[in-house]
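Here are the chains, one letter per residue:
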Amino acid sequence: MALKVTWLGHACFLIETEKAKILIDPFLTGNPLSAVKADDVEADYILVSHGHGDHLGDTVEIAKRTGAMIISNFEIQNWLADQGVETVHPQHIGGGFDYPWGRVKLTIAHHGSSLPDGSYGGNPCGFLLYIQGKKIYHACDTGLFYDMKLIGEEGIDLAILPIGDNFTMGPDDAIRAIKLIEPVQVVPIHYDTFEVIKQDPNAWAQRVGQETSANPTVLQPGESIELS
Ligand code: NI
Ligand code: MN
């Protein structure tokens, strides 16, 4: 079975593997461009990159309804335990762990991570996923950093990069990121959800095609790409 990678809007993805459904940063309720309702999502695992509301999103509700195991940093896991969520697996930056469906490594991200009630959320992260022989790098919320080159040395099949600017990398720095990572494919995220991060993803994709070796795909919320 091919890996099915579906963009649900903003930074949220559903990755369907042979063994599990993996949900990343499920900001669905309150996202004007969300592809699905939080009540309709099924997940076996939920990855949370940081504590901001547009990433933590519906994590608590979905985990309680589905029993999904949450993977995030130690500080967020402590906070989730206070919310009554017991199905947690804490990791931290630089650390990887082998789950039944693949490996998750937390990568650095230059950003903030306070939780909705102001609690300390530890350092934000990105995710490096090794699933069914494929390597996916979801940068989550971050500015450009040169160590993306180290992540690229892993041989990335799909890079998921923010292009919205203002809160994260913008279009220009996302192009520079691609040159450091050299992924086979790239998908832009974290744009258009709010007025302040409006971008033209198709113009950006055209530049990616001209200026880098990566193959860009602009998804609409709800659309998928398959890796096989
Ligand atoms: Ni954020
Ligand atoms: Mn964000």
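Further up the page is the structure itself.
As a starting point, this report considers the structure included with it. The structure displayed is predicted, hence computed values, not measured ones.

## Focus: the side chain of His 138
And step 1. Mapped onto the fold, His 138 is located in strand β10 (residues 134-138).
And step 2. Among the polar contacts made by the side chain of His 138, one reaches the main-chain carbonyl oxygen of Ala 11 at a distance of 2.9 Å.
And step 3. Look past the residues within four positions of His 138 in its chain and what remains in contact with it is Ala 11, Phe 13, Ile 24, Gly 126, Phe 127, Ile 160 and Ile 189.

## What to know about the coordination of the manganese ion (ligand 2)
And step 1. For the manganese ion (ligand 2), the protein coordination sphere consists of Asp 54 (OD), His 55 (NE2), Asp 141 (OD) and His 190 (NE2), at 2.1 to 2.2 Å.
And step 2. Mapped onto the sequence, the donors of the manganese ion (ligand 2) take the spacing D-H-x85-D-x48-H.
And step 3. Between the manganese ion (ligand 2) and the nickel ion (ligand 1) the interatomic distance amounts to 3.2 Å, and Asp 141 serves as a bridging ligand to the pair. Here His 55, found in helix α1 (residues 53-56), pairs with His 190, found in the loop between β12 (185-189) and α6 (201-211); they are 135 residues apart in sequence, far enough to count as distant.
And step 4. Note on His 55: relative accessible area 0%, which makes it buried.

## Digging into α6
And step 1. For α6, the set of buried residues is Pro 201, Trp 204, Ala 205 and Val 208. The buried residues of α6 all sit within an arc of 100 degrees when viewed along its axis, so they share a single face. Relative to its buried face, α6 has exposed residues pointing more than 90 degrees away, namely Asn 202, Gln 206 and Gln 210.
And step 2. Tucked into the core, α6 has its buried residues touching α5 (171-181), β12 and β13 (215-216).

## Details of the coordination of the nickel ion (ligand 1)
And step 1. Coordination of the nickel ion (ligand 1) by the protein comes from His 50 (NE2), His 52 (ND1), His 111 (NE2) and Asp 141 (OD), over a distance range of 2.1 to 2.3 Å.
And step 2. Around the nickel ion (ligand 1) sit four donor atoms, and with donor-metal-donor angles ranging over 87 to 176 degrees the site reads as irregular.
And step 3. Going along the chain, you hit the donors of the nickel ion (ligand 1) in the pattern H-x1-H-x58-H-x29-D.

## Regarding the nonpolar core
And step 1. By size, the foremost hydrophobic cluster in this structure holds 54 residues, and its most contacted members are Tyr 137 and Leu 161.
And step 2. Val 41, Ala 43, Val 85 and Leu 115 belong to the second-largest nonpolar core, a separate cluster that totals 21 residues.

## Some points on the pattern of salt bridges
And step 1. This structure, assessed with the given rule, holds six salt bridges.
And step 2. Residues Arg 65 and Glu 42 are paired through a salt bridge, measuring 3.3 Å at the closest nitrogen-oxygen approach. Of this pair, Arg 65 sits in helix α2 (residues 59-66) while Glu 42 sits in the loop between β3 (21-24) and β4 (45-47), and the two are 23 residues apart along the sequence.
And step 3. Residue classification places Glu 42 among the partly exposed residues on the basis of a relative accessible area of 46%.
And step 4. Salt-bridge contacts for Glu 154 lead to Lys 105; the nearest nitrogen and oxygen are separated by 3.3 Å. Taken together, the residues span a long stretch of sequence, with Glu 154 in the loop between α4 (148-152) and β11 (158-162) and Lys 105 in strand β8 (residues 102-108) at a distance of 49 residues.
And step 5. Among the residues examined, Glu 154 registers a relative accessible area of 25% and is labelled partly exposed.
And step 6. Through salt bridges with shared partners, a single network forms among Asp 172, Arg 207 and Glu 211.

## Description of the sheet that holds β10
And step 1. Spatially, seven strands are ordered β7-β8-β9-β10-β11-β12-β13 in an open sheet, and the strand pairing comes out mixed. On the outer flanks of this sheet lie β7 (96-99) and β13, each paired with one strand and no other.
And step 2. By the bridge criterion, five bridges tie strand β9 (residues 125-131) to β10 in an arrangement that is antiparallel. Pairing of Tyr 130 across the sheet is with Lys 135, part of β10.
And step 3. Together, β10, β11 and β12 form the strand contacts of α5, whose direction differs from that of β11 by roughly 155 degrees.
And step 4. Along the sheet, α6 makes contact with β12 and β13, crossing β12 at roughly 155 degrees.

## Side note on the packing of aromatic side chains
And step 1. This model, assessed by the stated rule, comprises six aromatic pairs.
And step 2. Measuring from ring centre to ring centre gives 6.3 Å for Phe 27 and Phe 194, while their planes differ by 40 degrees; the resulting arrangement is tilted. Within this pair, whereas Phe 27 is found in the loop between β3 and β4, its partner Phe 194 is found in the loop between β12 and α6, the two being separated by 167 residues in sequence.
And step 3. A relative accessible area of 8% means that Phe 27 is categorised as buried.
And step 4. Both rings, one in Tyr 99 and one in Trp 101, keep their centres 5.6 Å apart while their planes meet at 15 degrees; by these two values the pair is stacked.
And step 5. Assessed through its relative accessible area of 6%, Trp 101 is described here as buried.
And step 6. Put simply, the rings of Tyr 45, Phe 97, Tyr 99 and Trp 101 pair up and form one aromatic cluster.

Rules of the game
- Residues numbered from 1 in each chain as written.
- Chains lettered and ligands numbered in written order.
- Predicted model: local features only at pLDDT ≥ 70, side-chain atom pairs only at ≥ 80, totals over all residues.
- Heavy atoms only, no water.
- Helix = DSSP H or I, 4+ residues; strand = E, 2+ residues; numbered from the N terminus.
- Polar contact = N/O pair within 3.5 Å; in protein donor to acceptor, adjacent residues only side chain to side chain.
- Contact = heavy atoms within 4.5 Å.
- Donors = N, O, S within 2.8 Å, 3.2 Å for Na, K, Ca; no water.
- Buried < 20%, exposed > 50% of the residue type's maximum accessible area, 1.4 Å probe, protein only.
- Arc of directions from axis to C-beta.
- Tetrahedral: all angles 85-135°; square planar, octahedral: opposite > 155°, others 65-115°.
- Core = buried A, V, L, I, M, F, W, Y, C linked by side-chain atoms within 4.5 Å.
- Salt bridge = Lys/Arg side-chain N within 4 Å of Asp/Glu carboxyl O.
- Pairing = 2+ DSSP bridges.
- Axes fitted to C-alpha atoms, helices over the stretch in contact; angles between N-to-C directions.
- Phe/Tyr/Trp six-rings, centres within 6.5 Å; stacked < 30°, edge-to-face > 60°.

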